[in-house]
Amino acid sequence: MDLRKVPVAVMAALAVQTAGALVWAGGAAARIASLEERIEAQAQVAERLARLEEQSKATRAAVERIEIRLEGGS
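Residues numbered from 1 in each chain as written. Predicted model: local features only at pLDDT ≥ 70, side-chain atom pairs only at ≥ 80, totals over all residues. Heavy atoms only, no water.

### Side note on the overall build of the protein chain
Formally: Secondary structure follows DSSP: runs of H or I at least 4 residues long count as helices, runs of E at least 2 residues long count as strands, and numbering of each begins at the N terminus. What the globule rule says is 2.2 Å times the number of residues to the power 0.38, and the radius of gyration is computed from C-alpha atoms. Exposed residues in this analysis have more than 50% of their type's maximum accessible area, buried residues have under 20%, and partly exposed residues fall in between, with area computed by a 1.4 Å probe over protein chains only. Two residue types count as positive, namely Lys and Arg, and two as negative, namely Asp and Glu; His and chain ends fall outside the count. Think of each charge as sitting on NZ of Lys, CZ of Arg, CG of Asp or CD of Glu.
A tally of regular secondary structure across the protein chain gives one helix and zero strands. The C-alpha radius of gyration computed for the protein chain amounts to 32 Å, which surpasses the reference 11 Å derived for 74 residues by more than 25%, pointing to a less compact arrangement than a globule. Seen through its C-alpha atoms, the protein chain measures out along the principal axes to roughly 100 × 15 × 10 Å. Residues counted as buried form 3% of the 74 residues belonging to the protein chain. Between the averaged position of the 10 positive side-chain charges in the protein chain and that of its 10 negative side-chain charges there is a distance of 7 Å.

Put into structure tokens, the structure is as follows:
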């Protein structure tokens, strides 16, 4: 196919579609990066929460031991 026979409108439409696809891909990459950052932050929060839960269990066990001793259960 001879490129001189391709209408300018077809070339312009192809250029516009290509530009649109590149803009869309850039936006998708930005959204993915944002989601990855949020997931990383949530992982840190989940780790902290797990530590707090374990501390809470230990505190609860200590309070139960104290209550038993105060009630005279030795």
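After presenting the structure, the write-up continues.
### Focus on helix α1 (residues 8–70)
Rules: A helix is expected to span 1.5 Å multiplied by its residue count minus one.
Under the 1.5 Å per step criterion, the end-to-end length of α1 is 92 Å for 63 residues, consistent within 8% with the ideal 93 Å. Of the residues trailing α1, G72 is marked for its positive phi of about 85°.

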